[in-house]
Amino acid sequence: MEDWRRIDIDALEADNFLTKEELVPSIDSNLSLQDISNIINECRNYLTKGKFLESLQLGLDNPPYLFDQSVKDQYNELMFEVLCSIKNNNNDVSPIIKNLSTKQQDVLIKYLYKIMNTSYGSKQGGLMLVWFEKTIEITGLGPIIRFMSDRRTV
Amino acid sequence: MSITYKLSNKPIHDHSYSPDGSIMAITKENIVEIYQVSSKPTLITTLKGHDKTVASVDISIDGKILTCSQDRNALVWDWDQSKNEYVPTLVLLRINRSANYCRWSPNGSKFAVASSDRIVAVCYYEEENNWWVSKHLKKPIKSTITSLDWHPNNVLLATGSTDGHVRVFSSFIKGLDEKPEGSVWGTKLPFQTLCGDFTNETGGWVHDVKFSLDGDSVGFVSHDSSLTIVSPQGEGVPPVFVNTFTSHLPFKALSFIGPNSVVVSGHNLNLLVFEGPNWQQTRVVDQTVKAVAKVDEDEEISSHDALNMFRQLDLKGRVKEKSTNGGADHTNTVESIRIVNGKVSTSGIDGKVVIFSV
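Residues numbered from 1 in each chain as written. Chains lettered and ligands numbered in written order. Predicted model: local features only at pLDDT ≥ 70, side-chain atom pairs only at ≥ 80, totals over all residues. Heavy atoms only, no water.

On to the packing of helix α2 (residues 33–49) of chain A against helix α3 (residues 52–61) of chain A. For any two helices packed against each other, one specifies the inter-axial angle together with the distance between the axes. Residue and element names in this part refer to chain A. Contact pair α2 / α3: the axes reach a minimum separation of 7 Å and the direction vectors enclose 165 degrees. The pairing of α2 with α3 is recorded here as roughly antiparallel in orientation. Here α2 runs over α3; the crossing is left-handed. Residues I39, E42, C43, Y46 and L47 of α2 form the contact with α3, whose own contacting residues are F52, E54, S55, L58 and G59. (Axes fitted to C-alpha atoms, helices over the stretch in contact; angles between N-to-C directions. Helix = DSSP H or I, 4+ residues; strand = E, 2+ residues; numbered from the N terminus. Parallel < 35°, antiparallel > 145°, perpendicular 65-115°, else oblique. Left-handed = near helix turned anticlockwise from the far one by under 90°. Contact = heavy atoms within 4.5 Å.)

Take a look at the structure:
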């Protein structure tokens, strides 16, 4: 019997596929590249002034979903700095996480996963895991699921 | 209160009741089992006609049983008085991939089968050939359809797919359907009219979709652990869109139990109630029950018993058994939710059917 599982039935109707563009979720964002670099500077400003929560919130509110990987990488490094700086200046990060909105908490988990996957992030693995553990304690499993299913990647 | 029936050690992907609740059908690998439900379900017969896993089963208002399977076929089973058994009728689905989900229309004159072939087959009976023929809803679907639901008017069909979209189509069949009255979904409804196309911000794939009881809203659960309720407001006005993100594992099924309340369940195991207009979680059905039962227990206990209990605790270091799954009756993913005689019935991968009074 012919191995029917190996028949390429998709070839029969090639035009009926989702393109990559169609899978990009619609995002209402008119951030320009300039805006992103302003946000990055602003976040660093907040950090030097010791305004940790403000810095984190600003960073989490404006992830550069629609930009290419180089911009995203730059932003990841910023988030890494913010997270390290907050942890190094605060023993307990839980109160800060509690002050974030549900959406911000979801984005935080996205960045934690992303940063843990980078070379600089894995050197600070313990620190990232503290953030991760504290966040999940507060939010439950939802943000992990959304990290996996969300098409807006960081 | 809930009653649990362990009917199988194989997953029950879908289950369905006859309108009076006396007959229940469950899927079990490539067969469907029919139970008589009185005080306890008793097996009457099995339907053998598919050669791959049966994905979905539905009983129509006039008692016909519809099954669809990963073998790309659907069958309609009707009770034959003379043979004293269910006899299958062929359905010409014309699809090249698995059939995932099937539902009768409210009046039982037609049904829809959702498939991985990016097609919804709307089927109706052709008497001269004694088979069910299908018309395909294709555009603009480009991904697997995981679920569908009928509007009470017998014409509109909501579909949920893996690209994260919920779409509402007209399945109006000339010569079979009466022209539906105009609603929030539109007034002119020829076959394949797209009356609504919704997706939430994460675009997670849709597990289940349902119309509200009045048919004016549509609710869906998707793999981002969220519940979304969309209420269109008529032409030219943006729909009211409420998207609730939860802290649970994703839900696989939902069902409206009132004009402003839905029950959901899935990978989280518990049956949860969400209520509008904000659609926030208001109750965990299986937990509240347990809590009430505990109070009764405490009231009845005498001082002597209490003393004994503590002595036991002290001596043996025994702690009251702690539930590992949040007090849920299901021990694995819930895959379908049905309403029967005002109660909520769920089935899942653990092979259990649980009936809740909500």
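With respect to the helices and strands, N96(B) occurs in the loop between β9 (85–90) and β10 (99–104). As for N96(B) and F211(B), which are separated by 115 residues in sequence, their C-alpha atoms are 28 Å apart. With residues near it in sequence (within four places) discarded, N96(B) still touches I9(A), R72(B) and D117(B).

What follows covers the pattern of salt bridges. Summed over all chains, the structure comprises 17 salt bridges over all chains. In this structure, the salt-bridge partner of R44(A) is E81(A), at a minimum N-O distance of 2.8 Å. Residue R44(A) is found in helix α2, and its partner E81(A) is found in helix α4 (residues 69–89); the two are separated by 37 residues along the sequence. Owing to a relative accessible area of 31%, R44(A) belongs among the partly exposed residues under this scheme. Relative accessible area serves as the criterion here: at 34%, E81(A) is assigned to the partly exposed category. Here K252(B) ties to E335(B) by a salt bridge, and the two come within 3.9 Å at their closest N and O atoms. With K252(B) in strand β22 (residues 251–258) and E335(B) in strand β26 (residues 334–340), this residue pair connects regions lying 83 residues apart in the sequence. By relative accessible area, E335(B) is classed as buried at 19%. Among the charged side chains, a salt-bridge network with shared partners connects K103(A), K110(A), D150(A), R152(A) and E201(B). (Salt bridge = Lys/Arg side-chain N within 4 Å of Asp/Glu carboxyl O. Buried < 20%, exposed > 50% of the residue type's maximum accessible area, 1.4 Å probe, protein only.)

We now examine the sheet that holds strand β14 (residues 145–150) of chain B. Residue and element names in this part refer to chain B. Read from one edge of the open sheet, four strands run β14-β15-β16-β17, paired in antiparallel fashion. The open sheet has two edge strands with one neighbour each: β14 and β17 (194–199). Strand-to-strand twist of the sheet, defined as the mean angle between neighbouring strand axes without regard to direction, takes the value 15 degrees. Strand direction decides the pairing type here: strand β16 (residues 165–170) and β17, joined by five bridges, are antiparallel. (Pairing = 2+ DSSP bridges.)

This part is about the interface of chain B and chain A. Residue-level contacts link 25 residues of chain B with 22 residues of chain A. Between chain B and chain A, a total of about 2,000 Å² is buried, with carbon and sulfur atoms accounting for 48% of that surface. Taken as a group, R118(B), K142(B) and E201(B) account for 31% of the area that chain B buries against chain A, more than any other trio of residues on that side. Our count for the contact surface shared by chain B and chain A stands at two salt bridges. E201(B) is the salt-bridge partner of R152(A), the closest N and O atoms lying 3.3 Å from each other. The interface formed by chain B and chain A holds 11 residue pairs in polar contact (both at pLDDT 80 or more) in total. For the side of chain B that touches chain A, a count of residues per class yields five nonpolar, 12 polar and eight charged. (Buried area = accessible area lost by both parts, 1.4 Å probe. Polar contact = N/O pair within 3.5 Å; in protein donor to acceptor, adjacent residues only side chain to side chain. Nonpolar A, V, L, I, M, F, W, Y, C, P; charged D, E, K, R; others polar.)

With that settled, consider the environment of N84(B). Among the secondary structure elements, N84(B) is positioned in the loop between β8 (74–80) and β9. Spatially, the C-alpha atoms of N84(B) and I229(B) are 45 Å apart, while their sequence positions differ by 145 residues.

All names here are of chain B. Taken as a whole and assessed by the stated rule, the structure comprises 13 aromatic pairs over all chains. On the basis of an interplanar angle of 75 degrees and a centroid distance of 5.0 Å, the ring pair of W79 and Y86 is categorised as edge-to-face. Exposure remark for W79: the relative accessible area of 37% places this residue in the partly exposed category. With centroids separated by 5.2 Å and ring planes inclined at 50 degrees, the aromatic side chains of F111 and W132 adopt a geometry described as tilted. Taken as a pair, F111 in strand β11 (residues 110–115) and W132 in strand β13 (residues 131–137) lie far apart in primary sequence, 21 residues in all. Both residues of the pair, F111 and W132, belong to the buried class. (Phe/Tyr/Trp six-rings, centres within 6.5 Å; stacked < 30°, edge-to-face > 60°.)

Residues and elements named next belong to chain B. Here we have four strands laid out as an open sheet, ordered β10-β11-β12-β13, and antiparallel in their pairing. Only two strands of the sheet have a single partner each, and these edge strands are β10 and β13. For this sheet, the mean inter-axis angle between neighbouring strands, taken without regard to orientation, is 25 degrees. Where strand β12 (residues 120–126) meets β13, seven bridges bridge the pair, whose relative direction is antiparallel. Note that in β13 the partner of C123 across the bridge is S134.

Next up on the list: the side chain of D106(A). Residues and elements named next belong to chain A. With respect to the secondary-structure elements, D106 resides in helix α6 (residues 102–116). There is a polar contact of 2.6 Å between the side chain of D106 and the side chain of R146. If sequence neighbours within four positions are ignored, D106 has contacts with P143 and R146.

Another point: α3(A). All names here are of chain A. All of the buried residues in α3 are F52, S55, L56, G59 and L60. Each buried residue of α3 lies within a common arc of 120 degrees when the element is viewed along its axis, so the set occupies one face. Buried-residue contacts for α3 involve α2, α4, α5 (94–98), α6 and α8 (125–139). (Arc of directions from axis to C-beta.)

This paragraph deals with a nonpolar patch on the surface. Together, I257(B), I339(B) and V358(B) give the surface a local cluster of nonpolar side chains, amounting to about 210 Å² of exposed area. Its location among the elements puts V358(B) in the segment after β28 (352–356). (Patch = residues over 30% accessible without salt bridge, like charges linked within 9 Å, V, L, I, M, F, W, Y side chains within 5 Å. Areas by Shrake-Rupley, 256 points an atom, 1.4 Å probe, with all protein chains shown as cover.)

Before going further, it helps to examine helix α9 (residues 142–149) of chain A. For α9(A), a buried count of six out of eight residues is recorded, marking the element as mostly surrounded by other parts of the structure. Within α9(A), the full set of buried residues consists of G142(A), P143(A), I144(A), I145(A), R146(A) and S149(A). Residues of α9(A) that are buried sit in contact with α6 and α8 of chain A together with β21 (240–245) of chain B.

Let us look at unusual backbone geometry. Residues and elements named next belong to chain B. In the segment running from K139 into P140, the intervening peptide bond is cis, with an omega of -5 degrees. By secondary structure assignment, the location of P140 is in the loop between β13 and β14. Note the cis peptide between G276 and P277, where omega equals 5 degrees. Relative to the helices and strands, P277 is located in the loop between β24 (272–275) and β25 (280–284). Positive phi, normally seen in glycine, also occurs at R94, with a value near 55 degrees. For R94, the location among the structural elements is in the loop between β9 and β10.

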